[in-house]
Amino acid sequence: MTETTSVLTQSLAGLALGAAFALSSPAFAQTAEPIQAAGSSTVLPYAQIVSENFGEVYPDFPTPVVESGGTSGGFRQFCQGVGSATVDIANASRPISASEKKACMDAGVNEIQEVRFGYDGIVFASAAQGPDFALTPEFVFKAMAAKVVKDGKVVDNTAANWNEIDASLPSQPIAAFIPAENHGTREVFEEKLLAAGCEASGTLEAYKASGMDEKAAKEQCHQVRNDGKATDISGDYTETLARIAANPQGVGVFGLAFYEQNQDKLKVATVSGVTPSVETVASGEYPVSRPLFFYVKKAHLGVVPGLSEFVDFFLSEQMAGPDGPLAQYGLVPAPDAQREEARQKFTAGTTIEG
């Protein structure tokens, strides 16, 4: 199916919805305001690249407005309802949760299309001239967690050097620069490393054995030590890079793309024996990687000018393919079959289950 056919099909599919919507909200049906998107800071630059290119390729439509606010914040805006006062697209560095879907449904956002457009890899990297790091989720947890298990008891984490965690690690002080809670990458850090390491180390079971319920135990697994060994970075990756430049023994958390653009300054760690790369992230072999998404209000298709065309354009080979500007910026493109599936699902109007 050609892009033109895809756009036409999607526009026709939205006519009935658009007509019904126009009856209840004529001002919205006639609006010439731009597409509004909000959400993940990780997805933000990709969406901005597509938006800028869309504005050039489709000059008859207003250039979409893309804002940040984090994945959770984007879903909160997205789920406020349907109409011109609400955003059309939620950008996300994780799938929408059950509670977020319920909030959407409760507010009348009944049909949501989920679009997976590529992958992001989260890496640990240190100064290029420093020693090698071969990490596992368990090693990361034991270095970063507020509390760990020693001699069967849960105690405050007092590990000072990496080689105290495991003899295979460098004999240097623990100094980690990790994403603060305002970053989507923090969620991946917590789930793929802290939570996984908490379970692997036996700490999760120790928490539950002490009387915690499972929810509280899992929340405790996410708690990071506050004794200066782990520092939250609320800025972007350039701030983390600057911290490592100032402290060459530090280890930082970066997106794969940023690391690849700074390989002259950084050395990447393996995780569970896998070196992060475009190939290992896209295949799922590298354990600290994630798909990237955006979510579209189906009720706005055919009503908001250019919305269908924008999604088709975002998913086109021109944008999201291996030779497109998103890959040049650092997106790990989905495999060919996945990219085609995403286009077909959007064109078919497939929505997520409530």
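Report follows, based on the coordinates. Owing to the predicted nature of the structure, the values given are computational and were not obtained by experimental measurement.

Taking 1.5 Å per residue, 14 residues should reach 20 Å; helix α4 (residues 44-57) reaches 20 Å between its end C-alpha atoms and fits that length. Residues Leu44, Pro45, Tyr46, Ala47, Ile49, Val50, Ser51, Phe54 and Gly55 constitute the buried set of α4.

What the largest pocket holds in volume is close to 450 Å³. In terms of lining, the largest pocket is formed by 17 residues, of which the most central are Ser41, Thr42, Pro45, Tyr237 and Tyr329. Secondary structure elements with two or more residues in the lining of the largest pocket: α4, α12 (237-246) and α13 (256-261). Taken together, the residues of the lining of the largest pocket break down into seven nonpolar, eight polar and two charged. Elements represented by at least two residues in the lining of the second largest pocket include exactly α9 (184-200) and β13 (289-297). Counting residues per element, the lining of the second largest pocket draws most heavily on α9, at five residues. For the lining of the second largest pocket, the per-class residue count stands at three nonpolar, four polar and five charged.

What follows is about the pattern of salt bridges. Two side chains that carry opposite charge are able to pair once their charged atoms sit near each other. This structure, assessed with the given rule, holds 17 salt bridges. With a shortest N-O distance of 3.1 Å, Lys267 and Asp132 are connected by a salt bridge. Taken together, the residues Lys267 in strand β11 (residues 266-268) and Asp132 in the loop between β4 (112-127) and β5 (134-135) connect sequence positions 135 residues apart. Of the residues examined, Lys267 reaches a relative accessible area of 24% and is grouped as partly exposed. Ionic pairing is found between Arg343 and Glu340, a salt bridge with its closest N-O pair at 3.3 Å. Of this pair, Arg343 and Glu340 both sit in helix α18 (residues 336-348), three residues apart, which is roughly one turn of the helix. Several salt bridges share partner residues, and in doing so they unite Glu317, Asp336, Arg339, Glu340 and Arg343 into one network.

What we call a disulfide is simply a covalent bond connecting the sulfur atoms of a pair of cysteines. On inspection of all chains with the given rule, the structure shows two disulfides. The partner cysteine of Cys79 in its disulfide is Cys104, sulfur to sulfur 2.0 Å. In this structure the cystine formed by Cys79 and Cys104 twists about its S-S bond by roughly -70°; its chirality is therefore left-handed. Residue Cys79 is located in the loop between α5 (70-78) and β3 (89-92), and its partner Cys104 is located in helix α6 (residues 98-106); the two are separated by 25 residues in the primary sequence. The same class applies to Cys79 as to Cys104, namely buried. One disulfide bridge connects Cys198 with Cys221, the sulfur atoms lying 2.0 Å from each other. Of note, the bridge from Cys198 to Cys221 carries an S-S torsion of about -55° and is left-handed in sense.

Another aspect to go through is empty space enclosed by the protein. Evaluated as defined, the whole model comprises three cavities of 30 Å³ or more. Taken as a whole, the second largest cavity holds about 60 Å³ of empty space. Residue lining of the second largest cavity: Phe177, Ile178, Pro179, His183, Thr185, Ile233, Gly235, Tyr237, Thr240 and Val253, and that is the complete set. Among the secondary structure elements, those contributing two or more residues to the lining of the second largest cavity are β8 (176-179) and α12. If you tally residues by element for the lining of the second largest cavity, the top one is β8, at three residues.

Definitions and cut-offs
Residues numbered from 1 in each chain as written. Predicted model: local features only at pLDDT ≥ 70, side-chain atom pairs only at ≥ 80, totals over all residues. Heavy atoms only, no water. Helix = DSSP H or I, 4+ residues; strand = E, 2+ residues; numbered from the N terminus. Expected span 1.5 Å × (residues − 1). Buried < 20%, exposed > 50% of the residue type's maximum accessible area, 1.4 Å probe, protein only. 1 Å grid on protein atoms, 1.4 Å probe; cavity = no way out; pocket = protein on both sides within 12 Å on 5 of 7 lines; lining within 4 Å. Points joined across faces, edges and corners; volume = space filled by probe spheres on them. Nonpolar A, V, L, I, M, F, W, Y, C, P; charged D, E, K, R; others polar. Salt bridge = Lys/Arg side-chain N within 4 Å of Asp/Glu carboxyl O. Disulfide = S-S within 2.5 Å.

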